[in-house]
Every structure is written in structure tokens, then in C-alpha cells.
Amino acid sequence: MLPRRTFLRRAAAMAAVLGLDPARLLRAADPTAAPISQPLSSGARFKSGHMLATWNHGIASNEEGWRQMQAGGTALDAVVEGTAVVESDPTGSSVGLGGRPDRDGKVTLDACVMNAAGDAGGVCFLEDIEHPVRVARAVMEDTPHVLLAGQGARDFAIAKGFKTRDLLTEDSRKAWEEWKKSAEYKPIINIENHDTIGMLAQDLEGNLAGACTTSGLAFKLRGRVGDSPIIGAGLFVDNEVGACTATGLGEAVMKTLGSFLVVELMRQGASPAEACLEATQRIAARMPVEDLQVGYLAMDISGRAGAHAIHGGFNYARTLGQRTQLIDAPSLD
Ligand code: SD4
């Protein structure tokens, strides 16, 4: 007998060839199959608190997220305040304060959030505000829009009471001066530059939320925006299925709409690990990947987690109830 997932995939492919509605074919062929819009993979909704956050700094994010949930906060509170901790850490060289500047020496920030209702907010090319993730939340909650950019995002943040500050630390300024000596425009790709925080949470009610925040590629062309504030690319949350976030070279993630892809694969029955693997393979099939890194991190509503990267070196923090582990993601290498 075919494994259920293989059966479902083949049935869907067959439906496409025959020009049929795959959901109807699945129901006709397998009376136990859920409609295609329902999660096929999951069991019961997990309700004990589950958080995933990219890279080593994810531990600090999850600790704050756990505090938020213990105090009655939602998954959204957990991811916003969890990632805000990393935004304030001056040692993180690709998030918030201390983030590496663009090639003109300016720190420009990208972030987005998504909640269990499917609401979304983001900011991109934002300057002088330490917590873009909180501004992204305000865009979601207090405007009819999804994404504010540049000066407009900065004006909005100030109107909302956010204070401005210089985000270029001495360390970042020195790194920029060193980079300028090479006199050749080349952004540093993420294999070494590891701090973008993508965080996913499922709260004690079983609801999902996600946040992603970054200063993007070091020494990028001024005005460049990556995947991190783009819903579906750097982050996607569907409270009926699961959530995914991305880290790495944003251009590769945007061209394949990676986080949306991972959630849709989970909807069709893939586990978080299988979906992340397939999304990295999708990139590798379309472009040379020797010099680029992308990592995907995902959870589903039944409490399963998974990750996959193009190259080794991507890790993430997982908190399940009170237990936190730092886990190395598998890679295509
Ligand atoms: C970007 N995806 O701006 C971000 C960078 C990143 O860890 O993830 N760094 O392309």
C-alpha cells in the first residue's frame, strides 16, 4: 500500500493532468481524506506552549516568549516581545541595534508579524527605530495596511510614540570602514552573518503567530529590502495548518515565496521537516547555491517542528513547555 502522503500527492497530480478539482478527486478516491483546505497531517491542536526561533539568539527570544505566555500573553505577544530582545542586543550584527549598515553607512531595518486571525503587518527600509517588530505590530493593529516603507514607516513609528536613536554602533561603524577599504560593492551573504530572528509560537490556547526582524544583508545597496518583511517570503502563518519563517539570502526566498510554500506543503500533508526540505530543494533546483545560504524553520498545529537549510550551520532554538533545546538543522550539503 502507498504511504498516505504519497497517495495524496499522486492523486493531486493525477487530478491536475485530468483537469479535475484535486479536492473533489481526493474525497472521491479516499473517503477519509479531509478537504484540501484543511490540514491533512495534523492530529489535535497542541496547547502546551511551543516556540521556535532562528539561530543561537533564539534561546533569549524563546525565554522572553515563555515569560509572555506565562503572564497570559498570546502567541503574538510571545513572538513580538521575544524578537524585540534580540533587536536590542548590540552584539547581534544583523538585527536592530548593532545591525550592519548598508553601503552608505545607514542601518535600515525590515520586520513583519502575522497573527492567528491571518492579520499581517510589516515595515521595511525603516531607519532610527530600535524595534521594527513592534512597529510592524502597530501597522497590523492600527492601520488598514500591511506594509509601510522608509520615511513613511519612520513617521508612522514616531507618531505612535516610538523614540528615534542612532542604531550604528561603534563596532558596526568599524566593520563598515573596513569593508569600504575593499572598495568593491559586494554584500556579505548570510553564511557568516547569522542573526536575523524569525520566531514562531503556539500559545496555551493552541493559536499560532510569527515574527521576523532583520537589518538585512550587510553593506547592501541603499534601499534594498529582503524577504524578512514580506508576508509569504520571510514569514507565513496559517492558524489551521502551521507557520514558517526563513533566514538567509532574501532574494532566493522571495523568488520562491518560501514560507508560503512551506505552509502550503504542510497543508497537503507534509511534515514541517519534509516541507522545509522541499522548499530548500526548490531553490537549489532553480539557481546556483554554492555561495548562498537559506534556512527554513516551521511548526504545525499539532506541535511538530522541522527545519532545513541549503548548507550546514543553520541552527534554531525550540521550546516545548519549559524545555529549550538548540538544534542543528539538516542541510542539502
Ligand atoms: C535578508 N533574510 O535581508 C535576510 C537576511 C538574514 O540572517 O536572514 N540574515 O535577506
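Residues numbered from 1 in each chain as written. Predicted model: local features only at pLDDT ≥ 70, side-chain atom pairs only at ≥ 80, totals over all residues. Heavy atoms only, no water.

K.L.:
Explain the pairing of strand β2 (residues 109-114) to me, please; I cannot follow it from the model alone.
P.N.:
Along any regular strand the residues' side chains alternate between the sheet's two faces. Of all six residues that make up β2, six are buried, and the element is covered over most of its length. What you see with β2 is no split at all: Leu109, Ala111 and Val113 on one side and Asp110, Cys112 and Met114 on the other are buried throughout. Here β2 pairs with strand β3 (residues 120-126) via five bridges, running antiparallel. Pairing of methionine 114 across the sheet is with alanine 120, part of β3. In this antiparallel pair of consecutive strands, β2 and β3, the connection spans five residues, and glycine 118 shows a positive phi of 85°. As paired strands, β2 and strand β6 (residues 208-214) are joined by five bridges and run antiparallel to one another. Bridge assignment links methionine 114 to a residue of β6, and that residue is glycine 210. (Buried < 20%, exposed > 50% of the residue type's maximum accessible area, 1.4 Å probe, protein only. Helix = DSSP H or I, 4+ residues; strand = E, 2+ residues; numbered from the N terminus. Pairing = 2+ DSSP bridges.)

K.L.:
I'm lost on the sheet that holds β6 in this one. Help?
P.N.:
Strand pairing in a sheet relies on backbone hydrogen bonds. The paired strands run either parallel or antiparallel. The sheet built from eight strands is open, its strands ordered β4-β3-β2-β6-β5-β1-β11-β12 with mixed pairing. Two strands close off the open sheet at either side, each with one partner strand: β4 (147-149) and β12 (323-328). Averaged over neighbouring strand pairs, the angle between their axes works out to 10° when direction is ignored. Two strands pair when backbone bridges link them, and strand β1 (residues 50-54) and strand β5 (residues 197-202) are joined in this way by four bridges, in the antiparallel orientation. Within the sheet, the bridge partner assigned to alanine 53 lies in β5 and is methionine 199. Running over the sheet, helix α4 (residues 75-87) touches β1, β2, β5 and β6 and is turned about 155° from β5. In the packing of helix α6 (residues 150-159) onto the sheet, the strands contacted are β3 and β4, and the crossing angle to β4 comes to about 105°. (Axes fitted to C-alpha atoms, helices over the stretch in contact; angles between N-to-C directions. Contact = heavy atoms within 4.5 Å.)

K.L.:
Got a minute to help me understand unusual backbone geometry in this structure?
P.N.:
Of note in this structure, phenylalanine 125 is not a glycine but carries a positive phi near 55°. Note on placement: phenylalanine 125 falls in strand β3.

K.L.:
In this structure, what is going on with the side chain of threonine 247? I would like to understand it.
P.N.:
Relative to the elements of secondary structure, threonine 247 occurs in strand β8 (residues 242-248). Assessed through its relative accessible area of 2%, threonine 247 is described here as buried. Separated by 3.0 Å, the side chains of threonine 247 and tryptophan 55 make a polar contact. (Polar contact = N/O pair within 3.5 Å; in protein donor to acceptor, adjacent residues only side chain to side chain.)

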